[in-house]
Protein chains: 2
Amino acid sequence: MATIGEASLRSGVEIETIRYYERKGFVPKPGRSGNGRRVYSPSAIANLRFIKRCRDLGFPLHVASRLLVISMGEQVKCGEVQNFGQAQLAETRSKIAELESLRTALEELVSNCEEGSTNCPMLEKLWSQ
Amino acid sequence: MATIGEASLRSGVEIETIRYYERKGFVPKPGRSGNGRRVYSPSAIANLRFIKRCRDLGFPLHVASRLLVISMGEQVKCGEVQNFGQAQLAETRSKIAELESLRTALEELVSNCEEGSTNCPMLEKLWSQ
DNA sequence: TATGCTTCCTGTAGTCGCTACAGGATCAAG
DNA sequence: CTTGATCCTGTAGCGACTACAGGAAGCATA
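What counts as what
- Residues numbered from 1 in each chain as written.
- Chains lettered and ligands numbered in written order.
- Predicted model: local features only at pLDDT ≥ 70, side-chain atom pairs only at ≥ 80, totals over all residues.
- Helix = DSSP H or I, 4+ residues; strand = E, 2+ residues; numbered from the N terminus.
- Rg over C-alpha atoms; globule rule 2.2 N^0.38 Å.
- Domains from an automatic or database assignment.
- Contact = placed C-beta atoms within 7 Å.
- Nonpolar A, V, L, I, M, F, W, Y, C, P; charged D, E, K, R; others polar.
- Near = placed C-beta within 6 Å.
- Least-squares fit on C-alpha atoms with pLDDT ≥ 70 in both.
- Buried ≥ 20, exposed ≤ 12 C-beta atoms within 10 Å, placed from the backbone.
- Core = buried A, V, L, I, M, F, W, Y, C linked by C-beta atoms within 7 Å.
- Arc of directions from axis to C-beta.

1. Here we look at the overall build of chain A
What chain A contains, in helices and strands, is 6 helices and 2 strands. Along the chain direction, N to C, the helices and strands of chain A fall in the order α-α-β-β-α-α-α-α. In terms of overall size, chain A is more extended than a compact globule, its C-alpha atoms giving a radius of gyration of 23 Å where 129 residues would be expected to give roughly 14 Å. Across its three principal axes, chain A shows a C-alpha extent of roughly 70 × 40 × 20 Å.

Below is the structure:
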């Protein structure tokens, strides 16, 4: 049984963030000790770590939370889990594609930019069309 | 001289967003007609389009706004413009790199996921370690 | 002229995922 | 007994919008 500070250290989730997750209902509410402080069991800490791993992979919080609920349910709904994974992968791929075309555009934008020229090619490109 | 609706159509910026930009000081305040409605000159509309092009390229609003101010100033500060462009390019590249490692991780996560298996490999990976 | 639809106005609150306080209570160590 | 760390609640801020509510005005048709 750990305090919120220990839970934070062991899960890698900031204290304020842990309280935020609780407030928003993304993780089950922990117990409280006599003095009103939150008390975290090892499995509660594991839950936080799970959420963190999901977030690090780009899953939105409500999906991370849903995956947690599925994990803790009677029978795991593997299809739903798979859907979330595929959706996140698709989103990640499309974000990459978007950023790559952005990168190309920015490279083109910056390429003609030389200090000291009377006009500013980058600004001109931004205004053109 | 155009209404906010026409300015929106011609610039591609939503009406609510135009008002938001004005409220936050990212674009100069437009004039008002006798009845109190906003009136947009062609150059004011061009400004909105400029901001939109910057936003589409990923520049944050305060940078887009600064580029606009620079454009309208006496002498253009090409060095500063170049810095913004390079910074945005660097940021875009690092975001791409980040997303690519994310994509790899997600592909690995999803790869073993098969409907109908008794356990759920994806969830297991999320819990492991 | 009356009606009804559209556009406009201001102001406020919600989104997402935190983060940063303020202002107080409690704990553990010296 | 004091000091400093940790905890508590509640609220506000970030960025870049978006979505109303509640009202005023304009425009077209009957």
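Here the narrative resumes.
2. Brief notes about the domain arrangement of chain A
Split by domain assignment, chain A resolves into domain 1 (1-76) and domain 2 (89-129). Each of domain 1 of chain A and domain 2 of chain A has a C-alpha centre, and the two are 41 Å apart.

3. Here we look at the interface of chain B and chain A
Taken together, the contact pairs 37 residues of chain B with 37 residues of chain A. Contributions of two or more residues to the side of chain B that touches chain A are made by helix H3 (42-56), helix H4 (61-72), helix H5 (78-111) and helix H6 (121-127) of chain B. By residue class, the composition of the side of chain B that touches chain A is 21 nonpolar, 9 polar and 7 charged.

4. Some words on the protein's contact with DNA strand C
With respect to spatial proximity, 17 residues lie near DNA strand C, and among them Asn35 and Pro60 of chain A together with Thr3, Gly5 and Arg38 of chain B are the closest. Secondary structure elements with two or more residues in the surface near DNA strand C: helix H2 (15-24) and helix H4 (61-72) of chain A together with helix H1 (4-11) and helix H2 (15-24) of chain B. Per element, the largest residue contribution to the surface near DNA strand C is 3 residues, and it comes from H2 of chain A. Residue composition of the surface near DNA strand C, by class: 5 nonpolar, 6 polar and 6 charged.

5. Re the relation of the copies chain B and chain A
Of the transformation placing chain B onto chain A, the axial shift is 0.0 Å and the rotation is 180°, giving an RMSD of 0.2 Å. These values place the two chain copies in the arrangement generated by a two-fold rotation axis. Closest to the rotation axis within chain B is the C-alpha of Ile96 of chain B, separated from it by 3.0 Å. Of the interface residues in chain B, 100% have counterparts in chain A that sit at the interface too, so the contact is made through matching surfaces.

6. Quick notes on the protein's contact with DNA strand D
In the vicinity of DNA strand D, 17 residues are found, and the nearest of them are Thr3, Gly5 and Arg38 of chain A together with Pro60 and Leu61 of chain B. Taken together, the elements giving at least two residues each to the surface near DNA strand D come down to helix H1 (4-11) and H2 of chain A together with H2 and H4 of chain B. It is H2 of chain B that contributes the most residues to the surface near DNA strand D, 3 residues altogether. Among the residues making up the surface near DNA strand D, the classes are represented as 5 nonpolar, 6 polar and 6 charged.

7. Side note on the environment of Leu106 of chain A
Note on placement: Leu106 of chain A falls in helix H5 (residues 78-111). When the 23 C-beta atoms within 10 Å are taken as the criterion, Leu106 of chain A is described as buried. Through-space distance from the C-alpha of Leu106 of chain A to that of Met122 of chain A is 9.5 Å; in sequence the pair is 16 residues apart. In this structure, Leu106 of chain A is in contact with Leu57, Gly85, Gln88, Leu89 and Thr92 of chain B, ignoring residues within four places of it in sequence.

8. Here we look at the nonpolar core
Counting 26 residues, the largest nonpolar core has Leu48, Ile51, Cys54, Leu67 and Val81 of chain A as its most contacted members. Contributing elements (two or more residues each) for this core: H2, helix H3 (42-56), H4 and H5 of chain A together with H5 and H6 of chain B. Core analysis: the next-biggest nonpolar cluster, separate from the first, contains 25 residues, Leu106 of chain A together with Val13, Val27 and Cys78 of chain B among them.

9. Quick word on H1 of chain A
Residue and element names in this part refer to chain A. Turning to H1, its buried residues are Ala7, Ser8 and Ser11. Take H1 and look down its axis: the buried residues cluster within an arc of 100°, on one side only. In this structure, the buried residues of H1 make contact with H2 and H3. The positive-phi residue at the C-terminal boundary of H1 is Gly12, with phi of around 85°.

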